[in-house]
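Descriptive structure summary
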Amino acid sequence: MARNGAINESPSSSYYLPQHDMEAGANGGENVPSDPFDITNTKNASLEMLKRWRQAALVLNASRRFRYTLDLKKEEEQEQRRRMIRAHAHVIRAALLFKLAAEREIAGIVVKPPTSIGDYGITLEQLASMTRDHNFLTLQQYNGVKGLSGLMKTNLETGIDGNDDDILKRRNAFGSNTYPPKKGRSFLGFLWEAWQDLTLIILIVAAAASLALGMKTKGVKEGWYDGGSIAFAVVLVIIVTAVSDYRQSLQFKNLNAEKRNIHLEVIRGGRRVEASIFDLVVGDVVPLKIGDQVPADGILITGHSLAIDESSMTGESLIVHKDQKMPFLMSGCKVADGFGTMLVTGVGINTEWGLLMASISEDTGEETPLQVRLNGVATFIGVVGLVVALSVLSVLLARYFTRNTKDPDGTVQFVRGISIGDAVDDIIKIITIAVTIVVVAVPEGLPLAVTLTLAYSMRKMMADKALVRRLSACETMGSATTICSDKTGTLTLNQMTVVEAYVGKKKIDPPDDSSQFDLVVSTLLNEGIAQNTTGSVFVPKDGGDAEVSGSPTEKAILSWGIKMGMKFDIIRSESTLHRVFPFNSEKKRGGVALWLRNSEFHIHWKGAAEIVLASCSRYLDTTGCLQSMDEDKVFFKRAIDDMAGNSLRCVAIAYRPYEAEKVPTDEEQLDHWVLPEDDLILLAIVGIKDPCRPGVKDAVKLCQDAGVKVRMVTGDNLQTAKAIAMECGILDSNGDLNEPTIIEGPVFRALPVNERDIVAKQILVMGRSSPSDKLLLVQTLRKGGEVVAVTGDGTNDAPALHEADIGLAMGIQGTEVAKESSDIIILDDNFASVVKVVRWGRSVYANIQKFIQFQLTVNVAALVINVVAAVSSGAVPLNTVQLLWVNLIMDTLGALALATEPPTDHLMCRTPVGRREPLVTNIMWRNLIIQAFYQVGILLVLNFSGTSVLSLKKHNREYANDVKDTVIFNAFVLCQIFNEFNARKPDELNVFSGVTQNHLFMAIVSMTFVLQVIIIEFLGKFTSTVKLGWRLWVVSIVIGLMSWPLAVVGKLLPVPETPLAEFFTKPLRRLRAHVTCIKFPSRYGMCLKRNNEAPP
């Protein structure tokens, strides 16, 4: 397989392999936390941890609860399917070398010539067969890629015409670059899933039994109310739940479609244009560079050091070098090194990648730390609710059979001679009450509220130029304590222009005035600029301005060359590329070797000024004379420092002539030939200006005020980095501007481990950093307990993006490899958008806390009221239908109202959210306890003394009890409506700020109130309520309204800094520590040290 060094193991392929996560706890059983819900980072969590928390969760409806978590079973099935399809590609690769050898012996065999079908000289089947089988012999019979392009009516230099008719014909003949996505679940599927809840099934069964018994004993006209009302309430809960879930699924579907829509460059009509991957057609000519994804099946036209990582198709991390002997490219693979152009021969489902993508459904499920923790909270509350429900059931049954349960008119229910039907009906009512308590108590909607707020946040973040690839990153960003940001394009505009230039020792002013230096210098400079580039220049035939494409640095230098009179196409035609050394972020330079027409051989280098300068022994002055560098190197270093001090990126251009006889001509030798990089002749040093982004200084200050430290990590000169950092506000002119605040990558890398741990936290600017330096900084900061966000755009940034807690790839300049390794894509490459992501991350956490506070208040109040009433009187004031309505307000409508609150500036006045910070803070406990005590107190007073308090003694006992219970139900629901406002701002006195901007919140609150009025006034038969007069409505509203002043008074009460949970969990942790020490004696010494105990 390694013929001509075609396939090699490469360290660069490691960016596709999962890195060890220091907090994932995947190093064996001893590192697995004892609490299954204690997962602070799900980014690289082990399969064992994901299984443990699922098994530990108390769940009533598993299919709904775990819908947006990773489907472990489906993941295994999809991996098996991937392996099956990959195996096909692997067999082809294994057989390819045997074919190449055999074809030399059977060269006389003639392949069936292509038959002209329609507008093209080759059919879809012939193209697909050749590409799929990597049939080199067939390609030769078509006269190689040049002959094939003729059959496909493609010009290898200028591409296809690209007009609408041409593209339509190609799509009709060869297909489109899309694949049929797996059909999503329909609304009926969500209805069926919502129906699977065990408690709802029990309630439906109970409703059916109650319906049958009621109609039998009371007749059809009156007997259907009890059972029918429960059934209707259950159906309403199911429909509302399904609608909410269906809306979320549509949002995720749209976001997934956006993630798959890769934008790339394609050559059409002689110019490079940006196009969607879905718009690609057979016959297109596509430029490839390091970090790109191969967008379709194709054949290499030209390539220089082109290496492809085919692991996405073969499953093996092998780098395959492509040349004219191995020209076939597979869709979905990544460019690991070099650059080139390809001719598209297969698109969509006619490629193996298309078959793979069409055969597997993209699973949007993914754990988030908050989701896991909320499952733990839901499990704890659910266990308490089950105990309460069983207690209520036991008490009510005991009271019923001991004849202590009475009807509203005072008659005993269970008497001698009672019919079996009546007794069963009474028992069913008791069971339904207990089951409904479970429905209210087990907060199924709590973990799903995370998904709801994440889906909402992700949709809104798209408008803020952030595309979320991983759900968990959305919330983890709220915990970020440091952001390691790139300089170019993130803190700066990425709009580069050459503003200073030195040729020899002369500063050229203006920098594009080529008349100030000799023609010899100008010729060599133009040769180096035109040939040593990955950019291109298109000159319109109508004589318009030249169109320059490429990276911002390449565009700046090419534009400078054009202004000096460089004729790009003519210069490139006067010499031939013999060998290319692509720009390398480790060496920070790139070079080319050229054959000139007069058989001379030139080597050109371009890169970081001080690094190229170090390799120069001579320079050309403005007269074209060679000068020794020995005495003048200090001058050039000073010139570089001066430009860097003015925030300029410094690039040096150099060359050397080379003896033609020393140039290897054999392909195998050429593959291993290293371009000489010593004894260079300096041609020019240019200073490139890239202005800071407007508003970036304010964005940096906002981060710093929010407790998030911003660090700049750049490959640029340290002086340039320092100047830009001061412009952006990362560095303060009055602060410490020496090491280790500002440091070079190699210096940091060379530090001893212990010292590096200390220095890392002090670094604000790292210059001349390589990707490995960035990765090392991220690892060191994470080891020190920081939650690290990292921005990156290059292929070599992939390890750091993967290792970071939140990887932020750039959407404009970022390569596909960087984007795939990231968690969030910043679509406009702007640091201000990164700050918006921090706000949204904090908003997710804050919204969940609001919902928790609201839901726990309802839970506590409803449970306590029903338990106390059941134990003391044998009846519950809130019946099954009423509790189901409360559950709907609490679970679905409450989540919609509170989980979709937009972020506020107040969130950026807090410190980052600790990843182990308790979900229910002391402030929330204070608010919750005050509101719950108030609601329980006032409603219990109404329950036991309501007839006298509400002046109902003049009415008969049954009617008075009905009115009293209706007021209790009405007041309880109104308390929740008013308390929803309190939950919006748990730590602010003004709970109404911004409420009118949240239209969804206002709509839900208004709708809840209107529905409550309808229930009380018109649906009394269903809910067992009676109409209330205006005085009792005022009483109910005042009871609910009192929660507002009560909340204000409560917020004036101080709370301790130590979390309330600490007082309860500390003894438990000590017990666990002792158990661990007994189970693992080897760790005994460590246990003693941690617990500050002396050995016995």
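Look up: the structure comes first, before these words.
Our subject in this report is the structure included herewith. All figures in this text were calculated on a predicted structure; none of them were measured in a lab.

1. Looking at the overall build of the protein
Broken down by element type, the protein carries 39 helices and 27 strands. When the 1096 residues of the protein are sorted by exposure, 55% land in the buried category. Long-range pairs, those at least 24 residues apart, make up 73% of the contacts in the protein between residues at least 6 apart in sequence. For the protein, the accessible area works out to roughly 46,300 Å², and carbon and sulfur atoms hold 58% of it.

2. Here we look at the pattern of salt bridges
Enumeration according to the criterion identifies 31 salt bridges in this entry. Notably, a salt bridge pairs Glu820 with Lys334, separated by 3.3 Å at the nearest N-O pair. Placement of the pair is Glu820 in helix H29 (residues 816–821) and Lys334 in strand E8 (residues 334–346), with a sequence separation of 486 residues. The class of Lys334 is buried, set by a relative accessible area of 3%. A salt bridge links Arg656 to Asp678; the shortest N-O distance between them is 3.1 Å. Here Arg656 is found in strand E20 (residues 648–657), whereas its partner Asp678 is found in the loop between helix H22 (667–672) and strand E21 (680–689), with 22 residues between them in sequence.

3. Considerations on the side chain of Thr482
Among the structural elements, Thr482 can be located in strand E10 (residues 482–485). When its relative accessible area of 0% is taken as the criterion, Thr482 is described as buried.

4. Considering the sheet that holds strand E22 (residues 709–713)
In a beta sheet, neighbouring strands are held together by backbone hydrogen bonds and run either parallel or antiparallel to one another. One open sheet accounts for eight strands, arranged E9-E27-E26-E25-E10-E22-E24-E23; its pairing is mixed. At either margin of the open sheet sits one strand with a lone partner, and together these are strand E9 (466–468) and strand E23 (742–744). Each neighbouring strand pair of the sheet contributes to a mean axis angle of 20 degrees, computed without reference to strand direction. As defined by bridge partners, E23 adjoins strand E24 (residues 765–767) across three bridges and the pair is classed as parallel. Residue Ile743 lies in a different strand from E24, and its bridge partner there is Met766.

5. Quick notes on the nonpolar core
With 146 residues, the main nonpolar core has Ile730, Val765, Ile824 and Phe831 as its most contacted residues. When residues in this core are grouped by element, the largest group, 19 residues, is from helix H30 (residues 831–873). Each residue touching Ile730, except ones within four places of it in the same chain, is listed here: Leu491, Val700, Gln704, Val710, Met712, Ala725, Leu764 and Val765. Membership of the second largest hydrophobic core comes to 40 residues, among which are Met130, Val286, Met342 and Leu343.

6. Digging into the packing of aromatic side chains
Across all of its chains, the model carries 19 aromatic pairs by this definition. Seen from their ring centres, Phe187 and Tyr246 are 5.7 Å apart, and the 70 degrees between their planes marks the pair as edge-to-face. Of this pair, Phe187 sits in helix H8 (residues 187–195) while Tyr246 sits in helix H10 (residues 225–260), and the two are 59 residues apart along the sequence. Look at Phe992 and Trp1044: their rings are 4.8 Å apart centre to centre, the planes differ by 85 degrees, and that puts the pair in the edge-to-face class. With Phe992 in the loop between helix H33 (957–984) and helix H34 (999–1018) and Trp1044 in helix H37 (residues 1043–1051), this residue pair connects regions lying 52 residues apart in the sequence. Judged by relative accessible area, which is 37%, Phe992 ranks as partly exposed. Here a set of aromatic residues connected by ring pairs shows up, and it is made of Phe978, Phe981, Phe992, Phe1001 and Trp1044.

7. What about helix H17 (residues 519–531)?
In this model H17 runs 18 Å from its N-terminal to its C-terminal C-alpha over 13 residues, within 8% of the 18 Å that 1.5 Å per residue would give. Most of H17 sits inside the fold, with ten of its 13 residues counted as buried. Taken together, the buried positions of H17 are occupied by Val521, Ser522, Leu524, Leu525, Asn526, Glu527, Gly528, Ile529, Ala530 and Gln531. At the N-terminal end of H17, a side-chain oxygen is found 2.8 Å from the backbone nitrogen of Val520, two or three residues along, and the residue is Asp518.

8. A short note on the environment of Arg656
A relative accessible area of 11% places Arg656 in the buried class. It is 8.8 Å that separates the C-alpha atoms of Arg656 and Leu682, two residues lying 26 residues apart in sequence. Contacts of Arg656, omitting those with residues within four sequence positions, involve Phe601, His602, Ile603, Pro676, Asp678, Asp679 and Leu680. Within polar-contact distance, the side chain of Arg656 engages the backbone oxygen of Asp678 at 3.1 Å.

9. Observations concerning the pairing of strand E11 (residues 497–503)
For a regular strand, side-chain orientation follows a simple rule: the groups alternate between the two sheet faces. Counted residue by residue, E11 has five buried out of seven residues, so it is predominantly covered. As judged from the five bridges shared by E11 and E21, these two strands associate in the antiparallel manner. Within E21, the position partnered with Val498 by the bridge is Ile688. Relative to strand E12 (residues 506–508), E11 runs antiparallel, the two sharing three bridges. Paired with Ala501 across the bridge in E12 is Ile508. Between E11 and E12, which pair antiparallel one after the other, the connecting turn spans two residues, and Gly504 there sits at a positive phi close to 65 degrees.

10. Points about unusual backbone geometry
Here the amide bond leading from Asp509 into Pro510 is cis, since omega sits at -5 degrees, within 30 degrees of zero. Counting through the fold element by element, Pro510 comes out in the loop between E12 and H17. Positive phi outside glycine occurs at His134, with the angle close to 50 degrees. Mapping His134 onto the fold places it in the loop between helix H4 (124–133) and helix H5 (136–141). Judged by relative accessible area, His134 falls into the buried class, the value being 2%. For Ser305, which is not glycine, the phi torsion reads 55 degrees and is therefore positive. In this structure, Ser305 sits in strand E5 (residues 297–309). What makes Ser305 partly exposed here is its relative accessible area of 27%.

11. Re the side chain of Thr351
Of note, Thr351 is situated in the loop between E8 and helix H12 (352–359). A relative accessible area of 2% means that Thr351 is categorised as buried. In this structure the side chain of Thr351 is engaged in a polar contact, spanning 2.8 Å, whose partner is the backbone oxygen of Gly348. Here Thr351 is in contact with Asp297, Ser331 and Gly346, once residues within four sequence places are set aside.

Reading the values: the criteria
- Residues numbered from 1 in each chain as written.
- Predicted model: local features only at pLDDT ≥ 70, side-chain atom pairs only at ≥ 80, totals over all residues.
- Heavy atoms only, no water.
- Helix = DSSP H or I, 4+ residues; strand = E, 2+ residues; numbered from the N terminus.
- Buried < 20%, exposed > 50% of the residue type's maximum accessible area, 1.4 Å probe, protein only.
- Contact = heavy atoms within 4.5 Å.
- Areas by Shrake-Rupley, 256 points an atom, 1.4 Å probe, with all protein chains shown as cover.
- Salt bridge = Lys/Arg side-chain N within 4 Å of Asp/Glu carboxyl O.
- Pairing = 2+ DSSP bridges.
- Axes fitted to C-alpha atoms, helices over the stretch in contact; angles between N-to-C directions.
- Core = buried A, V, L, I, M, F, W, Y, C linked by side-chain atoms within 4.5 Å.
- Phe/Tyr/Trp six-rings, centres within 6.5 Å; stacked < 30°, edge-to-face > 60°.
- Expected span 1.5 Å × (residues − 1).
- Polar contact = N/O pair within 3.5 Å; in protein donor to acceptor, adjacent residues only side chain to side chain.

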